[in-house]
Every structure is written in structure tokens, then in C-alpha cells.
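Survey of secondary and tertiary structure
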Amino acid sequence: MQRSQAVKLAFSLSMLLLCLLFMADLLTLRGNPANERQAARKVVAESLAIQLSTLVNIADKRALQHAISEFVMRNEDVLAASIARFSGEKLAEYGELDKLTYVKSRSTPTHMIVPILENKAVWGNVRVAFRSVGNLVDDLVYFGFLVTSAFLAFGIFLKRVLLQLDPSRAVPVRVNSAFNLFSEGVVILDSNLLIMLTNQSAARMLDKEPETQLGKRIDDWPWVKDEGWQAPWETAFNTGLGVSEQSLYLQDKGEQRLIVVSCTLIGEEDPTRSGVMVTLNDMSAMQKKNRELSVINYQLKKSKESISEKNRELETLAWRDPLTGLLNRRKFLENFQTLLEEALEHSRPLVCVMLDIDFFKAINDNYGHAAGDEVICAVAAQLSLASRETDIVGRYGGEEFVLVMPDTTIEQGLEISDRLRLSILKLSEDVTVPVPRVAASLGVADVLLEAGHDSTDAMLDRADKALYGAKESGRNRVVAFDPDTLALLAANKAAHEDQQVVVSKGQAESRADQAASEVDEKNSRSTGLFAQAPEDSHSHEAVLSEQADAVKAFVSKHNEVVERLKSHDLLTQLPLRQLFMHAVENELLRADRLSRTVGIVSIEIKELSRLQSSLGHQEVEIMIKEVIGKIQEELRASDMVTRINEAHSISHLAENEYGILLSDLAESEQALPIVTRIRRLLLAPMVLNGKTIYLGFNIGVALFPECGDTAVDLVEAATRARIEAAKQPEKVSYFFASTDMERQSREYLQLESDLYLAVEEKKLEVYFQPKFDLASRTISSVEALVRWKDETRGFVSPVDFIPIAETNGLIRQIFHQVLEASLQQIVEWDNLKLAKMKVSVNLSASQLRDPELVSHVLTALDNVGLAPERLEIELTETSIIQSPQRARIALGQLHDAGVTISMDDFGTGYTSIGLLAELPLDSVKIDRSFIVAMQTSERSRAIVESVINMAHTLRLLVVAEGVETNEQLTTLDALGCNEIQGYLISRPLPGLEITELLRRETLRRARSRAA
């Protein structure tokens, strides 16, 4: 390697020497050889002319000829010579006479003419022809000798010099071998960022030998450079700060290889001999394997989802009635047999209820089969709502349904059946039911525990007979199976009908008599009133007017009460279904116009009938009021819940169904925090008369436009989702009608649960990102950033878990943990005698409402013995705008105590100049979006410049975040920015790594001061 390099350098230097010689000749720096030779020849010719003129004077022609011939023969440079008179007479000549014929009247380097004077008059001349002045061969020999000599001399010299300067010679052979054993590529750069040493792993990335890269620039490697590409080794050299694990891509045969690069400054003690050590870790193979595993995992996941979906479809087809979604007859009988066997084995009560829709044929004949199907679905929904998790409901055929309730006595079964009958009657009030009246007859039968044996067929037969008795006795009834009662009902059917006619006629006559008596009474009262009235007609009219006004007021108030009873629940005073549906329609119109999302939340209390049986109706009513009150209070804090009227955000949709309308959602995911808040609220136990009760709830959620675009569609989708939620084992279960949202909600709920655990077990970590002072070129402070590394997910982005923490209240605990860990880290740095650091901790908008915020911050500082000036509180511009008064008070107290205050993400909100001047701020941070756009947009650059100037006018420090390139650093420095923060300086680092970085920074400062 040294030999080839020496040859190349020697050849280059020889060519350079040759060029210099040519240049010197061109500039006549070493004289003009041609002129010098011409002058010498002129002297020779003049000397000859003097000699010949003497011989001419003595008239000795022989001597004259001899002199010329001797002159030519003795001078190899002379070709010919002659002497002639002015008239042209040749006196003597010798040599190659033809050369003399070209002699002109003036001398040239090859031809000399010397005049001979006599009495100051020219009488003749001497002519001499010389050989050519320049000889190409001679010149080539001359320069060839010089170049060859220089090449040999330079080659020998450089070979010895390079042998001494070879970096590999400075490293022992064993160390050099170990250096090449590193799996990572290692490159050492000098102060000019040229490669002075590299190992085989690094050179192998280029399919080159290590020696071929010496003296080259690592920037010239085939890196994939985007618009904002920044060489990390250049950043490390310029700032003196290390760069860790930066991902770059190297182009290799049409493919891009992922190279993880780390850089550190070396030789800091001598700036003239400093350089950068670069480590290169080729992650291409691992990236390829990860990509393949991801594809396989994705395919497996999709296959699993597809199989699960197919299984659900098959289950639905095999077990479910396609119209109602209830169990079909086969699956129902199978489950019924299981419940019956368990009841007989453990001697537990079991009730079977058979339901038939009254006059269903008339509904089909008068309103069509489509309306009949709607009625069947509505009744099926009521059956599902009335059933418990342990109950089974099936469609037995046509308009017949069967409900089996384990652990239920015949008396409880009758009560539940009657409530079910009444709820079906109320379906006529539902605008979604297309018929004016729906009724049902129900037959109830219980298991024969005393006999010790029973069968599903026998129970169904008894329930069917009871149902027949209900129909025969007038329909819209609930009848329990009893042979004597059924026989009596059948025997008295005709008599009962006749009695109904007589009673009806008697009631009509009685009501007519009563109305007549009331009229007579009113007339008599009127007569009495006029009899007692004053004779003055004006007074009489005034009294009548007052009485009329009072009657009108009473009637108006009465009408208001009646109208309210029609639209509001008597028990809870909640708006009923009609008002709710109207509000949903309005919000849908608004959402469609503004491209927003609307959501319906349907809630029911689990096992309400059992609660009523065990606690009593009065206690359950109190409990329902408390539950509604808790939900109502929780929803007041949300801007995304629509108020149905001035006092309520929740509506009573059915006997055991409550609805909440979510509106103004920018995206469907925004419904997740609200649903989880409601779920978390309902999970809390209730205390009723000193008893702790854990209630269960089913929650169904439907979103526009995924689940429908009308109020009816959304409410029905939410109801179906609630029914699906009832099938889940959780105490408070929920289900989204949208498959994607259901999946996201499960992920959200799991993430929230894991976050609770992480906060409780203090698994959140605090990372620190340095801020770089542009004036002193040193790290001036750090910002504390919370990080969460989950065991299964890896690092969870703060963008994902911070909003959850703000929603569920965990943000307060997280802030306290981050604050305490940050202050403790500052104390540790002080103990290590590192540079005095200030730490910035982020505060959310919700924490401004915490009355103990100021006291807790100051107490935390006092506990570790740090001055308040060592802490900085950062708030986003948006959070300050949301609560400007609270921000002014809380931040003012902290600022007065010595804590510095910074406004983060400045420029993204709408802070007024007046508010900016009033707030107790010490610094502002320019949002990263402006820094990125600054390089390509003059307007953004002007905005940044104006923000810096305005902040300095208000005596505020300016910090630019998101700085990633040296160009951004240079621009911000020129604009007067005080500090920068971003990946150009360092990514956020854990405690140990940031401590090492600060240690190196402290040593660098010490060396700089010593120098």
C-alpha cells in the first residue's frame, strides 16, 4: 500500500515540477537562452569580420579564404561563412553555401550579417550561417532527466516518510488485529474530517479494503441524503457533544442498508490534533428479519382475525336467528337442557316464559311483512333487555319467543313477565316502531323440583298452555301454568265477554250521570256567584277577569306539567326518548355540515330485576337517581357531551336504558376517553343504607357515520352494541358497534390499565434533553421528559399515553414523579461537581386547577435543598390560553418564589401580546414547525425573527426547539436566539447517559479555561 501510494505521489510531484519548469521558461524567470546564444554568435561573427577586414586591407585573398575555411571547420555550430563587397562581389566563402542564400538583410539567431566599414561607409559584409538555435531532442533529454531524477528522488523520500506516517504502524499488530475483529465498523477522522484509520468491518460496507479509504472523506460514501441530511460526525466535531445511535442509510447495489451511527470527539486536550471516532453498526440484516417477522405476524394476525370472523359468522348462522339475533330453536333447546339439568341437580328454581305477539297476523295484513319484521325485532330487543347474563332467550318460531331464567321463582317470573309485557306496550310510543299498538301475551311455567325430574318438552308444553290461557282470557296478559286456573279461564271466557259488555254499558251510563251532575253543580255555583256579586257591573267584570286569569294560569301550568311528563321521566326528571332523538337529528345535521363525528352511548343496569327483588323498588329508585347524578356530574366537565335540555346530558330511552349524545368529535377516537371515564366512574361501588353495592352495567357505543347516518340507525346500533356488551364477563362491560373502534377501544382500555399500573409501580422513566447556549457554546440546562417502556409494547410514545393521563387524572401523579426525579437528579449532579444545571419540567393545563400545585412544587424543592432558581416550569401556549386567570395566579406565585416560567410551543396558539406581557414569563420556546420551515420559507424566517425581537423587547429568553441541522443553528445564532434544543445537540437521554454527557461537557469547559 505504501509503495503504490509513494509512486502515485512521486509521479504527481514530478509532473508538478515539470509544469513549474515550463512556467519558469514561459515567464523567462531563468533568462532567454535563445537571446543569449544569438548575442554570443553575434560576438563571434563580429570577431571574424574584424579579422577578415584586416586581410582584405593587405589584399591577401589566399589568406582570406584560408581564414574563412578554418573558421567554419573549427566551429561545429557554424555551417557556412562568406565575405563580399557591397556590390555583391564574393571575396571568399566556405561551407554549405546554400545556407547563405537565405540570409536576409537583418541578423537572425541562425544567420549573422556584420557590415564592414571604410571611412564610415559600408563597402561590404561578412555573413555567417549557424545551426538552428533549438534542438527538440536536447530539450527532451534535458527535461526527461530532470523528471526522472525528481521521480526517483521523490519516490524514495515519500516511501520512507509514508512508512513513518502510516497510522497502522502506530498501532501494534495485535491491537490492530483486535481492532479488525470488531463486528461494528470503526472509523477515525482527523481534524479535517478525513479518514485516518478504519477497520475491516467499516470498509466491508463499501466492498473495499481499509487501506483504500485512508485520506478520503466519509461524507463521500454513498449515503442516502435527504433534504435535511446532516453528517453526525460534523455535528459532533462542531459542538463537542457526542452523537448516539443515529440512523443513516447507505446505498448498496440498488438497496438501502440501515447503518446506526454513533460519534464522539477525541483528542479534546489538543484542539490541533482532535478528531472524531465514528462507529457504524449495520442493522440491515436485523431490519430485514424484523420486516419479515412483521409481515408474517401481520399475516398471522389477519388470518386469525379472518378465522375468528368466519367462526362468528358460522356461529351466527348455526346458532342465531337471522332476523332477531336471538338463539335459534336448536341452540336454545340445547342451552335450555343444560340449565334444566343444573336446576334439577342442585334443586334450584327455573322459570320458562313463552311469549306471543298479539294480533300479529293483523299487523302483517294491515302494515305489511316489513312492519311485522320491525315489530318482531323490537320485541326481541325488549326480551334481550329484560334478560340477565345467565338467562337464555330464543325465537321459538314465527312471533313466538321463549325466555328461560335460572334461579328465579314462579313469583319472580310473573313479576318480570309483567314488566316485560308493559315494556312491549310502550313500544307504540317509540317512533321507530311502525304500528300504533303492540301487545303480547305471556305464559309462565316453573320446573317441577318436588317431582325430582322434568324435561324441556314438558316445561315448554306447560308454558305454551299458560300462554294459550292468556290469549283465551283476553290477550295482553301474563298467566302462570295451573290446570285449575286454566280450566276456569276457559269455562268463563264467554261469560267474561258478556260481563265486559254489561260493565262497559254500565260505566258509560254512570259516567254520563256523573258528567250531568257536574254540570248542574257548576251551574249552581255559577248562580251562587252571580247572586253574591255586587250590583256594580264594573266590579263584577273585574272579578270575572281575575278569576278567568287565574283559571288560565292554572290551565297553562297544568299543561306545562302534562307536557313535561310526556317528555321527561317522572322518577329521574331525565329527557325521554323523543327529545333525545330530536337532539340526535340536529347534531347529525350539524356534524354532516362540519365534517364532524357524533356518538351514541347506550347504558343499562345489569340484573335490575334481581336488584328490585332483593332491595325493593324504593331502594332501587334511590340507587338509580344516585347513578344518574354521578354520570351527570362527570359529563359536565366534557365539551363533547350534548345537553338534551338545560339541566341534563343523559336521557331515559326505555325502562332500563339511558342514552348519552356525544357531539363535535373531530375523529372517532375522541369518544374513547369519554367512554372509559364513564366506565371507570361506574366501576366505583355505591353505598346504600350503609351497604356497599357493586353494580354492573352494559355500555354500547355507536358512531356516525360508521354505524349509520340517521338517529334511528345510530340508536339501534348502540342498542345492539349494548346487547353484545352484556355477553362479556366484565362487571362493567362495553362494546363498540364499529369493528375498528371496538378493537381500538380494547387497546385503549388495556393501555389505560397498564398506565395505571406503571404509575402505581413507578415504572415511568425520566429522560433529559439538553439545551445549548449559543453564546457560550455550552449546555446550559436540561428539559425533563417522561418516558414509558412497557414490557410488551416497548417504548410507548408520550403522544399516546399523556392524553390518557390527562383524561383520567393520572397526570398529577406523573408530574409529581417527574418533578421529584428531576430534582433528585440535579442534586446528584451537584454532588458529582458537574456544571450547575437548571431543569425544566412540563405542566399540563389540568394541573393549573390543582390548589396544591404551588405548595407541592415549593415543598419538593425544599425537601432536596435546591434553590427555586434551579427549576423551570414549562406550559404550552394552549394550556395558558385555556385558563389565563388560573395561569396568572399559579404561575405568579411560583415566579415570586424564584421558579422560572417558560411558554412552550409558542406560535401555535393565539396568545395576545397583552396576555404575554401580563404573564410572569422568563422565556419562550419557538415551536419546531417554524424552525423546520425557516430554511425554505422567508415568511417563517421573518416570523422567527419577529418573535425573537419581540421576546427580547419583553426581556424574555428565546429557546428554539427541534433544531436538527447546522444551517438552522447558524441562522438562529445570526437572528439572536439565546438557546437551542433538538437532535442536533442530543436526543433525550436517560439519567446515566445524560450524566456522562455532562461530565464530558464539564471536562471540556475546564480544559478551555485552562487553555
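Residues numbered from 1 in each chain as written. Predicted model: local features only at pLDDT ≥ 70, side-chain atom pairs only at ≥ 80, totals over all residues. Heavy atoms only, no water.

**Describing the overall build of the protein chain**
What the protein chain contains, in helices and strands, is 32 helices and 30 strands. The buried share among the 1011 residues of the protein chain stands at 43%. Approximately 54,700 Å² of the protein chain is accessible, and the part contributed by carbon and sulfur atoms is 54%. (Helix = DSSP H or I, 4+ residues; strand = E, 2+ residues; numbered from the N terminus. Buried < 20%, exposed > 50% of the residue type's maximum accessible area, 1.4 Å probe, protein only. Areas by Shrake-Rupley, 256 points an atom, 1.4 Å probe, with all protein chains shown as cover.)

**Some thoughts on the nonpolar core**
Ranked by internal contacts, the top residues of the largest apolar core, which has 122 residues, are Ile 660, Leu 871 and Leu 972. In terms of residues, this core owes the most to one element, helix 24 (residues 811-831), which gives nine residues. Lining this core are residues from two domains, each supplying at least three of them: domain 4 (580-756) and domain 5 (762-1010). Aside from chain neighbours lying at most four places away, what touches Ile 660 is Phe 580, Gly 599, Ile 600, Val 601, Ile 603, Ile 631, Leu 635, Val 641, Ser 649, Ile 650 and Ile 678. Counting 27 residues, the second-largest nonpolar core is a separate cluster that includes Phe 360, Ala 378, Val 379 and Ala 440. (Core = buried A, V, L, I, M, F, W, Y, C linked by side-chain atoms within 4.5 Å. Domains from an automatic or database assignment. Contact = heavy atoms within 4.5 Å.)

**Describing the sheet that holds strand 4 (residues 121-130)**
Strand order in the open sheet made by the four strands is 2-1-4-3, with antiparallel pairing throughout. The open sheet terminates on both sides in strands that have one partner only, identified here as strand 2 (90-95) and strand 3 (111-118). Across the sheet, the mean angle from the axis of one strand to that of its neighbour is 15°, orientation sign disregarded. Strand contacts of helix 3 (residues 61-74): strand 1 (78-85), strand 2 and strand 4, with the helix running at about 25° to strand 2, the strand carrying the most contacts. (Pairing = 2+ DSSP bridges. Axes fitted to C-alpha atoms, helices over the stretch in contact; angles between N-to-C directions.)

**Considerations on the pattern of salt bridges**
The full count for this structure, using the stated rule, is 45 salt bridges. Residues Arg 217 and Asp 219 are paired through a salt bridge, measuring 3.8 Å at the closest nitrogen-oxygen approach. Residue class for Asp 219 comes out buried when judged on its relative accessible area of 12%. Across the salt bridge formed by Arg 419 and Glu 655, the nearest N and O atoms sit 3.8 Å from each other. Of this pair, Arg 419 sits in helix 12 (residues 410-425) while Glu 655 sits in the loop between strand 16 (650-654) and strand 17 (657-665), and the two are 236 residues apart along the sequence. The buried category is assigned to Arg 419, whose relative accessible area is 15%. Judged by its relative accessible area of 40%, Glu 655 falls in the partly exposed class. Each member of the salt-bridge network shares a partner with another, and the members are Lys 771, Glu 783, Glu 872, Glu 874, Lys 925 and Glu 961. (Salt bridge = Lys/Arg side-chain N within 4 Å of Asp/Glu carboxyl O.)

**Re the sheet that holds strand 17**
Spatial strand order, 16-17-15-20-21: five strands in an open sheet with mixed pairing. On the outer flanks of this sheet lie strand 16 and strand 21 (732-736), each paired with one strand and no other. Across the sheet, the mean angle from the axis of one strand to that of its neighbour is 25°, orientation sign disregarded. Two elements, strand 16 and strand 17, share four bridges in a ladder whose sense is antiparallel. Bridge pairing links Ile 650 to Ile 660 in strand 17. Running at roughly 5° to strand 17, helix 19 (residues 617-635) makes contact with strand 15 (597-605), strand 16, strand 17 and strand 20 (697-704) of the sheet.

**Things to note about the side chain of Gln 817**
Mapped onto the fold, Gln 817 is located in helix 24. On the basis of relative accessible area, Gln 817 is assigned to the buried category, the value being 18%. A polar contact of 2.9 Å, which involves the side chain of Gln 817, links it to the backbone oxygen of Val 759. (Polar contact = N/O pair within 3.5 Å; in protein donor to acceptor, adjacent residues only side chain to side chain.)

**A closer look at the packing of aromatic side chains**
According to the stated counting rule, one finds seven aromatic pairs in the structure shown. Taking the centre distance of 6.0 Å and the plane angle of 20° together, the rings of Trp 221 and Trp 223 count as stacked. Across this residue pair, the class does not change: Trp 221 and Trp 223 are buried. Taking the centre distance of 5.5 Å and the plane angle of 65° together, the rings of Phe 768 and Trp 829 count as edge-to-face. Within this pair, whereas Phe 768 is found in strand 22 (residues 765-773), its partner Trp 829 is found in helix 24, the two being separated by 61 residues in sequence. The class for Phe 768 is buried, based on a relative accessible area of 2%. For Trp 829, a relative accessible area of 0% gives the class buried. (Phe/Tyr/Trp six-rings, centres within 6.5 Å; stacked < 30°, edge-to-face > 60°.)

**A closer look at the packing of helix 9 (residues 329-346) against helix 13 (residues 456-472)**
Packing of helix 9 against helix 13 brings their axes to within 10 Å, and their N-to-C directions diverge by 105°. The pairing of helix 9 with helix 13 is recorded here as roughly perpendicular in orientation. On helix 13, the residues touching Phe 332, Leu 333, Phe 336, Gln 337 and Leu 340 of helix 9 are Thr 456, Met 459 and Leu 460. A breakdown of the residues in the contact of helix 9 with helix 13 according to their chemical character gives six nonpolar, two polar and no charged. (Parallel < 35°, antiparallel > 145°, perpendicular 65-115°, else oblique. Nonpolar A, V, L, I, M, F, W, Y, C, P; charged D, E, K, R; others polar.)

**Observations concerning unusual backbone geometry**
Each neighbour pair has its own omega, and for Phe 704 with Pro 705 the value is 5°, a cis peptide bond. Mapping Pro 705 onto the fold places it in the loop between strand 20 and helix 21 (711-726). Residues other than glycine seldom take positive phi values, yet Phe 359 does so here, at roughly 55°. Among the secondary structure elements, Phe 359 is positioned in the loop between strand 10 (350-357) and helix 10 (360-367).

**A short note on helix 7 (residues 232-239)**
Among all positions of helix 7, only Pro 232, Trp 233, Thr 235, Ala 236 and Thr 239 are buried. Down the axis of helix 7, the buried set is contained in an arc of 160°. They therefore lie on one face. Looking at the residues trailing helix 7, positive phi occurs at Gly 240, about 80°. (Arc of directions from axis to C-beta.)

**Quick look at the confidence of the model for the protein chain**
In the predicted model, the protein chain carries a mean pLDDT of 81, and the fraction of residues at 70 or more is 84%. For residues 494-535, every residue scores under 50 in pLDDT, and the model assigns this stretch seven contacts once sequence neighbours within four places are set aside. (pLDDT = per-residue confidence, 0-100.)

**Topic: a negative patch on the surface**
On the surface, a cluster of negative charge is contributed by Asp 373, Glu 374, Asp 592, Asp 709, Asp 713 and Glu 716. Elements with a minimum of two residues in the negative patch: helix 11 (369-386) and helix 21. (Patch = residues over 30% accessible without salt bridge, like charges linked within 9 Å, V, L, I, M, F, W, Y side chains within 5 Å. Lys, Arg positive; Asp, Glu negative; His and termini not counted. Charge placed at Lys NZ, Arg CZ, Asp CG, Glu CD.)

**With respect to the packing of helix 24 against helix 25 (residues 853-864)**
Running from amino to carboxyl end, helix 24 crosses helix 25 at an angle of 25°, the nearest separation of the two axes being 10 Å. Relative to helix 25, the element helix 24 lies roughly parallel. As helix 24 packs across helix 25, the resulting crossing turns out to be right-handed. Facing helix 24, whose interface residues are Phe 815, His 816, Leu 819, Glu 820, Leu 823, Gln 824 and Val 827, helix 25 presents Leu 853, His 856, Val 857, Ala 860, Leu 861 and Val 864. In terms of residue class, the contact of helix 24 with helix 25 is made up of nine nonpolar, three polar and one charged. (Left-handed = near helix turned anticlockwise from the far one by under 90°.)

**Things to note about helix 20 (residues 671-683)**
Between its first and last C-alpha, helix 20 extends 18 Å over 13 residues, near the 18 Å set by a 1.5 Å rise per residue. Three or more residues of helix 20 are buried, namely Ala 671, Leu 672, Pro 673, Ile 674, Val 675, Thr 676, Arg 677, Ile 678, Arg 679, Leu 681 and Leu 682. (Expected span 1.5 Å × (residues − 1).)

**Notes on the pairing of strand 11 (residues 392-397)**
In terms of burial, strand 11 is a largely internal element, five of the six residues being buried. Note: strand 11 against strand 12 (residues 400-406), five bridges, orientation antiparallel. Paired with Gly 394 across the strands is Val 402, a residue of strand 12. Where strand 11 folds back onto strand 12 in an antiparallel hairpin, the turn is made up of two residues, including Gly 398, whose phi is positive at roughly 60°.

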